[in-house]
Amino acid sequence: MSGHGDAQVMISAKSGPLKGVASVPGDKSISHRSLIFGAMAVGETKISGLLEGEDVIDTAKAMRAFGATVTRHGEGIWSVNGVGVGGFQEPADVIDCGNSGTGVRLIMGTMATTPISATFTGDASLRKRPMGRVTDPLSLFGTEAYGRKGGRLPMTVVGAADPVPVRYTLPVASAQVKSAVLLAGLNAPGETVVIEREPTRDHSERMLLGFGADLSVEKTAEGHVITLKGRPELRPQSVAVPRDPSSAAFPVCAALITEGSDIRVPGVSQNLTRNGLYLTLVEMGALIDFENPREEGGEPVADLRVRFSPDLKGIEVPEERAPSMIDEYPILSVVASFAEGVTTMRGVKELRVKESDRIDAMARGLEACGVKIEEEEDVLIVHGMGAGGMPGGATCKTHLDHRIAMSFLVAGMAAKREITVDDGSPIVTSFPVFEALMNGLGAAIRRG
Ligand code: S3P
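Residues numbered from 1 in each chain as written. Predicted model: local features only at pLDDT ≥ 70, side-chain atom pairs only at ≥ 80, totals over all residues. Heavy atoms only, no water.

Observations regarding the site of the ligand
Point 1. Taken together, Ser-29, Arg-33, Thr-102, Ala-173, Ser-174, Ala-175, Gln-176, Arg-201, Ile-326, Asp-327 and Lys-354 make up the full set of residues adjacent to the ligand.
Point 2. Within the side chain of Ser-29, an N or O atom sits 2.7 Å from an oxygen atom of the ligand.
Point 3. Interatomic distance of 2.7 Å between a side-chain N/O atom of Lys-354 and an oxygen atom of the ligand.
Point 4. Here the ligand loses 95% of its free accessible area of 380 Å² to cover by the protein chains.
Point 5. If you list the elements that add at least two residues to the shell around the ligand, you get helix H1 (28-40) and helix H5 (175-186).
Point 6. Its residues assigned to classes, the shell around the ligand shows three nonpolar, four polar and four charged.
Point 7. Each of two domains, domain 1 (10-26 + 242-447) and domain 2 (28-240), supplies a minimum of three residues to the shell around the ligand. (Near = heavy atom within 4 Å. Polar contact = N/O pair within 3.5 Å; in protein donor to acceptor, adjacent residues only side chain to side chain. Areas by Shrake-Rupley, 256 points an atom, 1.4 Å probe, with all protein chains shown as cover. Helix = DSSP H or I, 4+ residues; strand = E, 2+ residues; numbered from the N terminus. Nonpolar A, V, L, I, M, F, W, Y, C, P; charged D, E, K, R; others polar. Domains from an automatic or database assignment.)

Written out as structure tokens, the structure reads:
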């Protein structure tokens, strides 16, 4: 579990042109869901391409603790023998979700309408993050939660014995909250309705349909109205997990800013709820070709050819795009540093409650690297220094946040002087092969 191990200093130096193929691991969101939905189906779900990052491994352990049989057969090949909707047993010990907000929030939803109790905890980063956004709507089902001040972990959740269905409008654009409510609704009688004003990643809806749930999505003036009929019998599935577009962002952005680069990144999701970064990069003048569009694992994907882009321009990132690129702002702020002109990112305050306060972490680190930054509660503005313009030569703090660590290591590949991160150990939560993959393309990342 990240944060339980020792800090790992990592250093990234100016890199030669990146060349080759960057095959990134499986999607983290879909990996969590394949284990959780598999645990709620009756029979054997087969999974290929599962991300074997620590976040997902922690979810696999949790599913075992609730009574499912979860087996690893080979690299990325797993099976889950589920206990059925409402079939979770009470775990004998505390559930430790490590660094994973998605893991803990989805699992809380899953057990919330079963008459059992479970106590959840996580690493120092997860214990700082708000759980009220999930336990508030779960209380409408009749679920109780007892946590630390501010709705923080450790927290005990007491599942509702006689759950009632819920109609809930999301107060924040959050796929985790949406998914937690839908998962709780699975074991409530009648229809549970979730309304989201801004569309967030839709993997839960797509996968629940695949597992045989009775779910419909209506686009109305209010937003997306998602209606789920409770107490279905979920059918086991074969899930082929597509590659993670949020992980692909790191080699893609590295190639854009590293002189002479020309790489291929196969199977990058074009799902409209996930592709905001790629739209933004193209608007900035990134040289990206989207080739061979097709479906993989139920997701629209394309193969990307990405070339060094010396003429990137700063832009105003449309606010309504934020949910479709919420995890990509840290690496976008690095690319923006190598663009000409100003990049303005508004409507990004959710970044403050991720694995770290990502606005603060990026602002402080980029400033240390010589970039001018402006910051408000909900806004991050980067004054670009052009291709090769970032001075670098700093040590950046990662605050137990994998995406902050990877972002600064990518920055180091194109900055004038090398960039050090104080702790790269959280990278294993989402992208365990990051260092080897990037060095295989031509990066110069080493351990300190
Ligand atoms: C996720 C949803 C997003 C995202 C996270 C994964 C998911 O979080 O940041 O990495 O799998 O549902 P929020 O729901 O908090 O926006």
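Thoughts on helix H8 (residues 276-283)
Owing to its 3.6 residues per turn, the α-helix aligns residues three or four sequence positions apart on the same side.
Point 1. Regarding H8, the residues found buried are Gly-276, Leu-277, Tyr-278, Thr-280 and Leu-281.
Point 2. For H8, the secondary structure elements touched by its buried residues are helix H7 (245-257), strand S15 (262-269), strand S16 (287-296), strand S17 (299-307), strand S18 (316-317) and helix H9 (329-337).
Point 3. Where H8 terminates, the next one or two residues include Gly-285, which has phi positive at roughly 100°. (Buried < 20%, exposed > 50% of the residue type's maximum accessible area, 1.4 Å probe, protein only. Contact = heavy atoms within 4.5 Å.)

A word on the pattern of salt bridges
Pairing between side chains of opposite charge can happen when the charged atoms of each approach one another.
Point 1. This structure, assessed with the given rule, holds 32 salt bridges.
Point 2. The salt bridge partner of Arg-305 is Asp-262, with a shortest N-O separation of 2.8 Å. Taken together, the residues span a long stretch of sequence, with Arg-305 in strand S17 and Asp-262 in strand S15 at a distance of 43 residues.
Point 3. A salt bridge links Arg-447 to Glu-435; the nearest nitrogen and oxygen atoms lie 2.7 Å apart. Residue Arg-447 is located in strand S24 (residues 444-447), and its partner Glu-435 is located in helix H12 (residues 434-441); the two are separated by twelve residues in the primary sequence.
Point 4. Glu-435 gets classed as buried once you look at its relative accessible area, which sits at 18%. (Salt bridge = Lys/Arg side-chain N within 4 Å of Asp/Glu carboxyl O.)

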